[in-house]
Amino acid sequence: MLNAAALLLALLCAANAAEPDLADKLRNDSELSQFYSLLESDPIANSTLSLRSCTIFVPTNEAFQRYKSKTAHVLYHITTEAYNQKSLPNTVSSDMAGNPPLYITRNTNGDIFVNNARIIPSLSEERNSNGKRQIMHIIDEVLEPLTVKAGHSDTPKNPSAYNFLKNAEEFNVDNIGVRTYRNQVSLEKKESMFEAAGQHTFLVPVDEGFKLSARSSLVDAKVIDGHVIPNTVIFTAAAQHDDPKTSAAYEDLLKVTVSFFKQKNGKMYVKSNTIVGDAKHRNGVVLAEIVKANIPVSNGVIHLIHRPLMIIDTTVTQFLQFMNENADNGPLRKFYEVIMDNGGAVLDDINNLSEVTILAPSNEAWNSSNINNVLRDRNKMRQILNMHIIKDRLNVDKIRQKNANLIAQVPTVNNNTFLYFNVRGEGSDTLITVEGGGVNATVIQADVAQTNGFVHIIDHVLGVPYTTVLGKLESDPMMSDTYKMGKFSHFNDQLNNTQRRFTYFVPRDKGWQKTELDYPSAHKKLFMQDFAYHSKSILERHLAISDKEYTMKDLVKLSHESGSVVLPTFRDSLSIRVEEEAGHLHDEYASHEWTGYVIIWNYKKINVYRPDVECTNGIIHVIDYPLLEEKDVVVAGGSYLPESSICIILANLIMITVAKFLN
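Residues numbered from 1 in each chain as written. Predicted model: local features only at pLDDT ≥ 70, side-chain atom pairs only at ≥ 80, totals over all residues. Heavy atoms only, no water.

Student: Report on the environment of Ala293, specifying residues and quantitative values.
Tutor: Its place among the elements puts Ala293 in strand β14 (residues 284-297). The spatial distance from the C-alpha of Ala293 to the C-alpha of Leu203 is 9.4 Å, given a sequence separation of 90 residues. Setting aside chain neighbours within four positions, we find Ala293 in contact with Thr236, Ile302 and His303. (Helix = DSSP H or I, 4+ residues; strand = E, 2+ residues; numbered from the N terminus. Contact = heavy atoms within 4.5 Å.)

Given below as structure tokens:
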């Protein structure tokens, strides 16, 4: 029995002795060979791995292939305490000279980051070597410390943000200068902001951002505060998209937030949003590109940005030029290029407006094949560009005020062309959509403030339709009742057919609400599943099906030529007359006069609220009231029938009677 126990103990010892340590794991893993070769050539790293407890952050070979610097610092990837993923604190001291810290952050998805590198959770390993606990975390990026240029031995090896600002020329940061901002920090006596212990995020404008001669004088103490996110370290890979953080300039009389966002091409931006401004600091958003990100310092992280935040000192035209003219891929580069390719006259028009709002499509918005066909037509392109320009200073608050009446209707510089805004939600959950020329776009960046107006970045080009009639109905909040009625009656099934051309007179939701007052019982049944056949019959009257779609101008012309227009519908035909009529925007809250369209049907005048909403397989005209009369609806015994349905039923009864007589 004793011999058996001794044998078992010997086997266990042999098994433990045979278990590979972290050095063996690194040596044998071909995906980690580049880091192992660095570790093998560094005597301090070797000694740590042989004799001490430690945590090693190991970049993959793929991470090294993306690494742009010439030197990788192996000791910056090692800390002499063992931490598994759960026990990692907010900061750990690296083993590099000066012991610069590594910052541990976690995002809402549960990902863990060390500085700007994400820990790949499934690839962590824990081993014991000589009784010492050692843990390896594999990461997707090489960690890059802030290093001093050769010949500057007196420069701190683990500098604070202020040390960096004071001696920026002595660090390896691609020779980017910050002298102008440093001078303003000194002038405003804000050095203590950059010396403060803790974990902060500092946004430092580079000298290139002060080309406008008066801009540096606008950098006062509050603006400097607006460039610091206190008590929070944000590296770009871990940054939550468009998640506002309170800056140091967040107090009773001035409230400024800062957030990060990334373009699809990977370029990172930061923006300030002055929510509550004052005489010196205007409300609105200011965008800045991050030109050098993720510079770790002893009290946080620094991002160098291409211009100062909070300062609104350019016109809309200057903003478009400065942000895109010399940038490889500015946030609105393609929009600017289209304007210039079209002769640049649109830019001159914008420049001549004392107050202006631009709805600027993002770079990705121009990638649609539908748009490529239009770009060659300069006249059409000019109309489309003008559709994105509003002669008014229109920020989100003003849009929300106009939106109090469900949908905000706003004229563009195009004659008789309007945009329709819809605002849902509050605060960070606010969603703003805008419709123009049949395209429903979402505002992905609102309130970029300029001296003479605002720029809102949107995700689609207005005026170049990309959805069918059904797609438009489904996505447009103004037409939701018509969509619901058509869905349960299966009327909508045909509206995706791209082989047909539809002209659809769609009552807006407020129009259906008016019928609830006029015919309450009938209105209730129109939206009930049991009466789907009758709902379908009503909708069929509103849909013209032909080999072409009819714009409002087409219908006006035909009305003048023939007195009325007869359009083919599914069962019969629709006879209307369309006229142009001067008046308001068909809305009791509207303030603009214009020449609009009116449909005359069965001696009724029905205003066209939104004409010519283009779709890929037809056109929609949004009308203020359904093509519906009291005599269309018969209510008896809890049911009703439209006049057309009664005719069909009577015809069927006659046919049955005749058949019986013949038999």
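Student: Got a sec to walk through the pattern of salt bridges? Specific residues and values, please.
Tutor: Per the stated rule, a full pass over the model turns up 28 salt bridges. Taking the shortest distance from any N to any O, the salt bridge between Asp476 and Arg610 comes out at 2.8 Å. On the criterion of sequence distance, the pair formed by Asp476 in the loop between α16 (469-475) and α17 (480-488) and Arg610 in strand β28 (residues 604-615) is long-range, its members being 134 residues apart. (Salt bridge = Lys/Arg side-chain N within 4 Å of Asp/Glu carboxyl O.)

Student: Go over the packing of aromatic side chains with me, naming the residues and quoting the values.
Tutor: Using the criterion set out here, one finds nine aromatic pairs in the structure. Relative to Tyr269, the ring of Phe261 lies with its centre 5.5 Å away and its plane at 15 degrees, an arrangement referred to as stacked. Summarising the burial analysis for this pair, Phe261 and Tyr269 share the class buried. Ring geometry for Trp512 and Phe527: centres 5.8 Å apart, planes at 85 degrees, overall edge-to-face. (Phe/Tyr/Trp six-rings, centres within 6.5 Å; stacked < 30°, edge-to-face > 60°. Buried < 20%, exposed > 50% of the residue type's maximum accessible area, 1.4 Å probe, protein only.)

Student: A description of the confidence of the model for the protein chain should follow, citing residues and the corresponding values.
Tutor: Here the protein chain averages 87 in pLDDT, while 88% of its residues score no lower than 70. Contacts for the low-pLDDT stretch residues 584-593, under 50 throughout, to residues beyond four places or in other chains number 25 contacts. Scored below 50 in pLDDT, residues 635-644 shows 28 contacts in the model against residues more than four places distant or in partner chains. (pLDDT = per-residue confidence, 0-100.)

Student: Which residues make up helix α3 (residues 33-40), and what values go with them?
Tutor: Taken together, the buried positions of α3 are occupied by Phe35, Tyr36 and Leu39. End-on, the buried residues of α3 take up no more than an arc of 100 degrees, which puts them together on one face. In this structure, the buried side of α3 is in contact with α2 (22-28), α4 (43-51), β1 (54-59) and α5 (61-66). (Arc of directions from axis to C-beta.)

Student: Mind laying out the pairing of strand β13 (residues 268-276), listing which residues take part and the relevant values?
Tutor: When strand β12 (residues 255-262) meets β13, the two strands line up antiparallel, connected through eight bridges. Along β13, the bridge assignment pairs Lys262 with Met268. Counting the residues between successive antiparallel strands, the hairpin from β12 to β13 contains five residues, one of them, Gly266, with a positive phi of roughly 95 degrees. The sheet contact formed by β13 and β14 spans six bridges and is antiparallel. Considered in β14, the bridge of Val270 is made with Ala288. (Pairing = 2+ DSSP bridges.)

Student: Outline the packing of α17 against helix α20 (residues 532-541), listing residues and values.
Tutor: Following both chains from N to C, one finds α17 and α20 inclined at 125 degrees, their axes separated by 8 Å at the closest point. Here α17 lies oblique to α20, going by the angle between them. By crossing handedness, the relation of α17 to α20 is classed as left-handed. Across the interface between the two elements, Thr482, Met485, Gly486 and Phe488 from α17 touch Ala532, Ser535 and Leu539 from α20. Among the residues forming the contact of α17 with α20, the class breakdown is four nonpolar, three polar and no charged. (Axes fitted to C-alpha atoms, helices over the stretch in contact; angles between N-to-C directions. Parallel < 35°, antiparallel > 145°, perpendicular 65-115°, else oblique. Left-handed = near helix turned anticlockwise from the far one by under 90°. Nonpolar A, V, L, I, M, F, W, Y, C, P; charged D, E, K, R; others polar.)

Student: Go over the side chain of Thr433 with me, naming the residues and quoting the values.
Tutor: Note that Thr433 resides in strand β20 (residues 431-436). Among the residues examined, Thr433 registers a relative accessible area of 5% and is labelled buried. Apart from the residues within four sequence positions on either side, Thr433 is in contact with Tyr420, Phe421, Asn422, Arg424, Asn440, Ala441 and Thr442.

Student: Just give me the short version of the nonpolar core, but keep the residues and values in it.
Tutor: Among the nonpolar cores identified, the biggest contains 49 residues, and Tyr504, Phe505, Ile576, Ile599 and Ile620 are the most heavily contacted of them. If you tally residues by element for this core, the top one is β28, at five residues. Setting aside chain neighbours within four positions, we find Ile576 in contact with Phe505, Ser564, Val565, Leu567, Ile599, Ile600 and Trp601. (Core = buried A, V, L, I, M, F, W, Y, C linked by side-chain atoms within 4.5 Å.)

Student: Hey, could you go over the sheet that holds strand β6 (residues 117-118) for me, with residue numbers and the actual values?
Tutor: Where strands meet in a sheet, backbone hydrogen bonds hold them as pairs that are either parallel or antiparallel. Taken together, four strands build an open sheet; the order of strands is β3-β4-β5-β6 and the sheet is antiparallel. Only two strands of the sheet have a single neighbouring strand rather than two, namely β3 (91-93) and β6. In terms of strand pairing, strand β4 (residues 101-106) meets strand β5 (residues 112-114) through three bridges, oriented antiparallel. Paired with Thr105 across the two strands is Phe113, which belongs to β5.

Student: Which residues make up the pairing of strand β29 (residues 618-623), and what values do they have?
Tutor: Most of β29 is tucked away, with six of its six residues classed as buried. Taking every second residue as pointing to the same face, both faces of β29 are buried, with Gly618, Ile620 and Val622 on one and Ile619, His621 and Ile623 on the other. Pairing geometry for β28 and β29, over five bridges, is antiparallel. Looking across to β29, one finds that Arg610 is bridged to Val622. Linking β28 back to β29 in an antiparallel pair, the connection comprises two residues.

Student: Before we move on, can you summarise α17 with the specific residues and values?
Tutor: Turning to α17, its buried residues number three or more, namely Asp481, Thr482, Tyr483, Met485, Gly486 and Phe488. Here the buried face of α17 lies against α16, β23 (501-507), α18 (509-518), α19 (520-526) and α20.

Student: Tell me about the environment of Asn367, residues and numbers included.
Tutor: Along the chain, Asn367 falls in the loop between β16 (356-361) and α13 (369-375). For Asn367 and Val461, which are 94 residues apart along the polypeptide, the C-alpha to C-alpha distance reads 9.8 Å. Polar contacts involving the side chain of Asn367 include one to the side chain of Lys334, which spans 2.7 Å. (Polar contact = N/O pair within 3.5 Å; in protein donor to acceptor, adjacent residues only side chain to side chain.)

Student: How would you explain unusual backbone geometry if you had to name every residue and give the values?
Tutor: Most peptide bonds adopt trans geometry, and most residues besides glycine take a negative phi value. In this model, Asp447 sits at a positive phi of 60 degrees, which is unusual for a non-glycine residue. Position of Asp447 among the secondary structure elements: in strand β21 (residues 439-450). By relative accessible area, which is 15% here, Asp447 ends up buried. With a phi close to 70 degrees, Tyr603 is a non-glycine residue in the positive phi region.

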